[in-house]
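The chain contents come next:
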Amino acid sequence: MGTSHGSYRAALWAGALALGAATALVGTSPAMAATVQVGGGSLDWGFKASFRAYVATGNGTPPIATKDGATRNADGTFDFPAAGGTYDATAGTATVNYGGTVVFSYPLHMFEITLANPTLVVDGDGTGSLLADVDLVANGGSTEQHLDQAEIATVVTTAPTVTDGAVSFSNLASTLTSAGAGAFAGFYAAGSALDPITASASASATDPTDPTDPTDPTDPTDPADPGNGSASQKITAAVTGGALTLTSAGSAVPLSAATPGQTATGNLNAVTVSDLRGTNSGWDLVGQVTDFTATGGATIPAANLGWTPTAAVANSGLVNAKGVTSAVAPGGPVAPGTGLGASHTLCKAETGSSLGSSTCGAALSLGIPESSTAGEYSAVLTLTLA
Ligand code: HEM
């Protein structure tokens, strides 16, 4: 990976009643070159299970063949090895070329369809497409159609799972386009559901966007790099322990892209406070963030991170004893500019109604001063429960 999205930190203060969750906020700009070249990975896709079943009962020898690097998975779907392309794990975008060929032949029904070199395009906004080369030869050659990297399917995409800088997408729904329908001689209507797509991509060993590589063409410290300064942000939090505990639901919170003068927004991972002490003595969960700093010394002051807290009592499905009530209140909203440089309440439960668990969250907004320089900023947000 070309970038380290840095500063994941989690902290646990054992003992007493103080627990802290440390949350890293990391901003990157495109000038940080999060786009990396693909060096490995694979795409698993079956095209359409009913089509495989239909062709498999035919008289092809064999009905379904794979070549050029494609292989058949145990479940009948196909595996296409990565052949190139790029991705950006932070932005959740990818255009990855996979190689390999699958040939469906059904001599009795007089067709042979060749599906090759699928390309998965993930736009980062929940949409994407699958391109492929598709050749149809039917009726002894009197019907021929050749598609070259045509969009044969639209794809519903999700944020990638990122492991050691490699991205993977799991079970993405895919739908036949009209171009794809044509490649199957109209036997399927556009809009037909195709098999889900599972794909992965890892960076090539010689990553041309490695920020530690002095030849990195998009090195943010390179004055020749024009940059354009948007930001995406990642927040993680995970803490457990003690009789009064704080846990986090997730590990990544991408904030919206922003340029200087704009506000990057996102949501804190929901945290659950469990007061299992049995003393009903109340608790207070407060948060404070450090200044955001970037390599080279640029900063965004902590006060520019604001939040709007939310809080709700978690329903365990069990019935409380008579007279026992549980209540939680969110802290007041705090605006960027007068934000979390100082400690502010995320949520709290009063003495007499604090037993049980509550879930607290916050909409985050980081006001990015117009005077900010592009770069990778990080800060630590500490949640302290007492
Ligand atoms: C251009 C040539 C052809 C193409 C591209 C083609 C393609 C298809 C496709 C995509 C299906 C739907 C499979 C599914 O998802 O359930 C289908 C079904 C079927 N085709 Fe073809 N076909 C062709 C020619 C023929 C011919 C010549 C015959 C008959 C002699 C035929 C008989 C059938 C039958 C009976 C089904 C239904 C199979 C089932 O539901 O189990 N096809 N074909």
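Fair warning: this is a prediction, and the values are worked out from it, not measured in the lab. (Residues numbered from 1 in each chain as written. Predicted model: local features only at pLDDT ≥ 70, side-chain atom pairs only at ≥ 80, totals over all residues. Heavy atoms only, no water.)

Attention now goes to the overall build of the chain. In terms of helices and strands, the chain carries two helices and 26 strands. Across the 386 residues in the chain, those meeting the buried criterion constitute 45%. Put simply, 68% of the contacts in the chain that link residues at least 6 apart link residues at least 24 apart. For the chain, the exposed area adds up to about 16700 Å²; of that, 56% sits on carbon and sulfur atoms. (Helix = DSSP H or I, 4+ residues; strand = E, 2+ residues; numbered from the N terminus. Buried < 20%, exposed > 50% of the residue type's maximum accessible area, 1.4 Å probe, protein only. Contact = heavy atoms within 4.5 Å. Areas by Shrake-Rupley, 256 points an atom, 1.4 Å probe, with all protein chains shown as cover.)

This brings us to the side chain of Ser365. When you line up the elements, Ser365 lands in strand 25 (residues 356–367). The class of Ser365 is buried, set by a relative accessible area of 16%. Here Ser365 is in contact with Thr263, Ala264, Thr265, Asn304, Leu305, Gly306 and Pro336, once residues within four sequence places are set aside.

Here strand 19 (residues 283–289) pairs with strand 24 (residues 344–349) via five bridges, running antiparallel. Counterpart to Leu285 in the pairing with strand 24 is Cys347. Here strand 23 (residues 329–330) pairs with strand 24 via two bridges, running antiparallel. Counterpart to Pro330 in the pairing with strand 24 is Cys347. (Pairing = 2+ DSSP bridges.)

Okay, the coordination of the iron atom of the ligand next. Among protein residues, the single donor to the iron atom of the ligand is Tyr54 (OH), with a metal-donor distance of 2.0 Å. Residue placement: Tyr54 occurs in helix 1 (residues 49–56). (Donors = N, O, S within 2.8 Å, 3.2 Å for Na, K, Ca; no water.)

This next bit is on the state of the cysteines. Taken as a whole and judged by the stated rule, the model has one disulfide. Linked covalently through their sulfurs, Cys347 and Cys360 form a disulfide whose S-S length is 2.0 Å. Sign of the S-S torsion, about 95° for the bond between Cys347 and Cys360, identifies this disulfide as right-handed. Here Cys347, found in strand 24, pairs with Cys360, found in strand 25; they are 13 residues apart in sequence, far enough to count as distant. Pair check on accessibility: Cys347 and Cys360 agree, each one buried. (Disulfide = S-S within 2.5 Å.)

Before going further, it helps to spend a moment on the pattern of salt bridges. It is possible for side chains bearing opposite charge to pair when their charged atoms get close. Taken as a whole and assessed by the stated rule, the structure comprises one salt bridge. Note that Arg52 is salt-bridged to Asp195, the shortest N-O span being 2.6 Å. Residue Arg52 is located in helix 1, and its partner Asp195 is located in strand 14 (residues 193–203); the two are separated by 143 residues in the primary sequence. Taking relative accessible area as the criterion, Asp195 reaches 11% and is therefore assigned buried. (Salt bridge = Lys/Arg side-chain N within 4 Å of Asp/Glu carboxyl O.)

Once that is clear, we can look at the packing of aromatic side chains. Throughout the structure, instances matching the rule amount to 16 aromatic pairs. Judged by centre distance (6.1 Å) and plane angle (20°), the rings of Tyr54 and Phe111 are stacked. Of the two residues, Tyr54 sits in helix 1 while Phe111 sits in strand 9 (residues 111–122), which places them 57 residues apart along the sequence. Owing to a relative accessible area of 32%, Tyr54 belongs among the partly exposed residues under this scheme. The class for Phe111 is buried, based on a relative accessible area of 13%. (Phe/Tyr/Trp six-rings, centres within 6.5 Å; stacked < 30°, edge-to-face > 60°.)

With that settled, the discussion passes to the site of the ligand. Taken together, Ser50, Phe51, Tyr54, His109, Phe111, Ile113, Ala138, Phe184, Ala185, Phe187 and Tyr188 make up the full set of residues near the ligand. In the model, an oxygen atom of the ligand is placed 2.4 Å from a nitrogen or oxygen of the Tyr188 side chain. If you tally residues by element for the shell around the ligand, the top one is helix 1, at three residues. When the residues that make up the shell around the ligand are grouped by side-chain class, the tally is nine nonpolar, two polar and no charged. (Near = heavy atom within 4 Å. Polar contact = N/O pair within 3.5 Å; in protein donor to acceptor, adjacent residues only side chain to side chain. Nonpolar A, V, L, I, M, F, W, Y, C, P; charged D, E, K, R; others polar.)

Take helix 1 next. For helix 1, every residue scored as buried is listed here: Phe51, Arg52 and Val55. Taken end-on, helix 1 shows its buried residues confined to a sector of 100°, consistent with a single buried face. On its buried side, helix 1 packs onto strand 4 (64–67), strand 5 (71–72), strand 6 (78–88), strand 8 (101–106), strand 9 and strand 14. (Arc of directions from axis to C-beta.)

To continue, consider the side chain of Ser354. Within the secondary structure, Ser354 sits in the loop between strand 24 and strand 25. Looking at Ser354, the relative accessible area reads 2%, which means it is buried. Polar contacts involving the side chain of Ser354 include one to the main-chain amide nitrogen of Gly282, which spans 2.9 Å.

Below, the discussion takes up the confidence of the model for the chain. The predicted model of the chain has a mean per-residue pLDDT of 80, with 80% of residues at 70 or higher. The model gives residues 207–227 a pLDDT under 50, and that stretch makes 33 contacts with residues more than four places away or in other chains. (pLDDT = per-residue confidence, 0-100.)

Residues Thr61 and Pro62 are joined by a peptide bond in cis, for which omega reads -5°. Tracing the backbone through its elements, the reader meets Pro62 in the loop between helix 1 and strand 4. The residue Met110 is not glycine, and still its phi comes out positive at about 55°. Tracing the sequence through the fold places Met110 in the loop between strand 8 and strand 9. For Met110, a relative accessible area of 46% corresponds to the partly exposed category. Unlike most non-glycine residues, Asn117 shows phi in positive territory, near 50°. Locating Asn117 in the fold gives a position in strand 9.

Another aspect to go through is the environment of Val162. One can find Val162 in strand 12 (residues 161–163). Classification of Val162 as partly exposed rests on a relative accessible area of 38%. Along the sequence, Val162 and Ser200 sit 38 residues apart, while their C-alpha atoms lie 9.6 Å from each other. Each residue touching Val162, except ones within four places of it in the same chain, is listed here: Ala89 and Val167.

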